[in-house]
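Listed below are the residues making up each chain.
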Amino acid sequence: MKIHQNSSCTFICDDSLKTSFFEERKLWESADLIIADPPYNIGDKAKVTKSHGRVLSNNDAWGGMFDDTFSETEYFDFLRDFLKQSFALLVPGGSLFCYIDRKFSGDFIHLAEKSGFLYKNMVSFIKVNSVPKLRANNFGSAFEIAVWLIKPNSGRTEKGNKISRTKPRIFNSFAPVKNLRLSTGELDIKQYHNTCSSNVFLGNIGSKKTGHPCEKYDWQIVPIIRSLSLSPKDGGNLIIDLFAGGFNSGLVCQKLERNYIGIEKNEHFWSVGCKLLNILAKNPEAKITKEMKIQPK
């Protein structure tokens, strides 16, 4: 296990489901939010796909760094372990926000409910500048989904009223629609979805900040952090990312002044995240360039 800390963010290189870090630091029931992008079970070296006109294995199409191949039983056992770990880390009323492959979304919700979670909502992220993909036998994909779950709440309000078990500990709605009008008087649809309590978020895709092939863009992370967590000065607890990849969630949390712990077992991407964290800690407005990243050996 390797640990790097800078200001309010801690980046760990370890297996998140086997690490001793949480037990050593007594972090059970310490997180308001777990944000996670676990393996999708689609990076199979034995299956092929087409990318930019080339025929590649699914594994190569996703960067060639993951043999993300489980049997159905193995994958569901993995998801159960992940859900068990997440449930133990969350405070009552805490949120688990999990990006998941569409094919497994129903199974994931079923397993989550069996693990004690309450299903809250499904969220979609639409890539508005996705290049049209002309295919002979299918639609091109231009969106991703995530599932929002909560650990059942408990306790009472200051007035002694019992708290609803389905009420998240934190949920912040955003700017009112009246402030999102264009100069023409028309509604700015993209800003409406990304700043109001809609379960659809719109954004552009482009170069990856950390170089991780599965990195989520800032517009897929920022509204989730803002709506499901608080800064420590406002009474917020930890945010944990159990599959941090290149740690872009941590870079966002540093900018939003959240306490964050991220874990990634790939040492290369852990090193990338640590380097970028140090750069942004010194200059939050620094523009990340290709030269700043550590290249794979």
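Refer to the structure above for everything that follows.
Below you will find a few notes about this structure. Note that the coordinates shown come from a computational prediction; the quantities given were computed from them, not determined experimentally.

Calculation criteria
Residues numbered from 1 in each chain as written. Predicted model: local features only at pLDDT ≥ 70, side-chain atom pairs only at ≥ 80, totals over all residues. Heavy atoms only, no water. Helix = DSSP H or I, 4+ residues; strand = E, 2+ residues; numbered from the N terminus. Buried < 20%, exposed > 50% of the residue type's maximum accessible area, 1.4 Å probe, protein only. Contact = heavy atoms within 4.5 Å. Areas by Shrake-Rupley, 256 points an atom, 1.4 Å probe, with all protein chains shown as cover. Polar contact = N/O pair within 3.5 Å; in protein donor to acceptor, adjacent residues only side chain to side chain. Expected span 1.5 Å × (residues − 1). Salt bridge = Lys/Arg side-chain N within 4 Å of Asp/Glu carboxyl O. Pairing = 2+ DSSP bridges. Axes fitted to C-alpha atoms, helices over the stretch in contact; angles between N-to-C directions. Core = buried A, V, L, I, M, F, W, Y, C linked by side-chain atoms within 4.5 Å.

Another point: the overall build of the protein. Looking only at helices and strands, one finds eight helices and 11 strands in the protein. The buried share among the 297 residues of the protein stands at 47%. Across the protein, the fraction of contacts at a sequence separation of at least 24, relative to all contacts at a separation of at least 6, is 66%. Accessible surface, the protein: about 15,800 Å² in total, of which carbon and sulfur atoms supply 51%.

We now examine the side chain of Asn153. Inspection of the secondary structure puts Asn153 in the loop between β8 (143–150) and α5 (189–195). For Asn153, a relative accessible area of 13% gives the class buried. A distance of 2.8 Å separates a polar atom in the side chain of Asn153 from the backbone oxygen of Lys167. Discounting chain neighbours no more than four positions away, the residues touching Asn153 are Pro92, Gly93, Ile163, Ser164, Arg165, Lys167, Pro168 and Arg169.

A few words on unusual backbone geometry. The backbone of Lys26 shows a phi angle near 55 degrees, a positive value even though the residue is not glycine. The topology assignment puts Lys26 in the loop between α1 (21–24) and β3 (31–36). The exposure class assigned to Lys26 is exposed, which follows from its relative accessible area of 59%.

This part is about helix α8 (residues 267–282). Between its first and last C-alpha atoms α8 spans 23 Å; for 16 residues at 1.5 Å apiece the expected length is 22 Å, and the two agree. Among all positions in α8, only His268, Phe269, Trp270, Val272, Gly273, Cys274, Leu276, Leu277 and Leu280 are buried. Those residues of α8 that are buried lie in contact with β1 (2–6), β2 (9–13) and α7 (248–255). Put simply, Asn266 is the residue that caps the front of α8, since its side-chain oxygen is 3.0 Å from the backbone nitrogen of His268.

Tallied over the full model, the rule gives 10 salt bridges. Across the salt bridge formed by Lys26 and Glu23, the nearest N and O atoms sit 2.9 Å from each other. Since its relative accessible area comes to 41%, Glu23 is described here as partly exposed. Residue Asp77 pairs with Arg80 through a salt bridge whose shortest N-O separation is 2.9 Å. With Asp77 and Arg80 both in helix α3 (residues 72–89) and three residues apart, the pair spans about one turn of that helix. Accessibility expressed as a relative area gives 39% for Arg80, which makes it partly exposed. Salt bridges here are not isolated pairs; linked through shared partners, they connect Asp37, Lys127, Glu144 and Lys216.

Reading across from one edge, β1-β2-β11-β10-β3-β6-β8-β7-β9 is the order of the nine strands in this open sheet, with mixed pairing throughout. Here the strands that pair on one side only, and so sit at the sheet edges, are β1 and β9 (200–203). Averaged over all neighbouring strand pairs, the angle between strand axes comes to 15 degrees, with direction disregarded. Where β3 meets strand β10 (residues 238–241), three bridges bridge the pair, whose relative direction is parallel. Looking across to β10, one finds that Leu33 is bridged to Ile239. Across the sheet, helix α4 (residues 105–114) lies against β6 (90–100), β7 (118–127) and β8, angled at about 10 degrees from β8, the strand it touches most. Contacting β3, β6, β7, β8, β9 and β10, helix α6 (residues 218–228) crosses the sheet at an angle of about 165 degrees to β3.

Glancing now at the nonpolar core. Counting 37 residues, the largest nonpolar core has Phe11, Phe97, Tyr99, Phe125 and Ile225 as the members making the most contacts within it. Of all elements in the fold, only β2, β3, β6, β7, β8, α6, α7 and α8 reach the threshold of two or more residues within this core. Apart from residues lying up to four places away in sequence, Phe11 is in contact with Lys2, Ile3, His4, Phe247, Gly250, Leu251, Tyr260, Gly262, Trp270, Gly273, Cys274 and Leu277. One finds Phe22, Ala36, Ile109 and Phe243 within the second-largest nonpolar core, a separate group that totals 33 residues.

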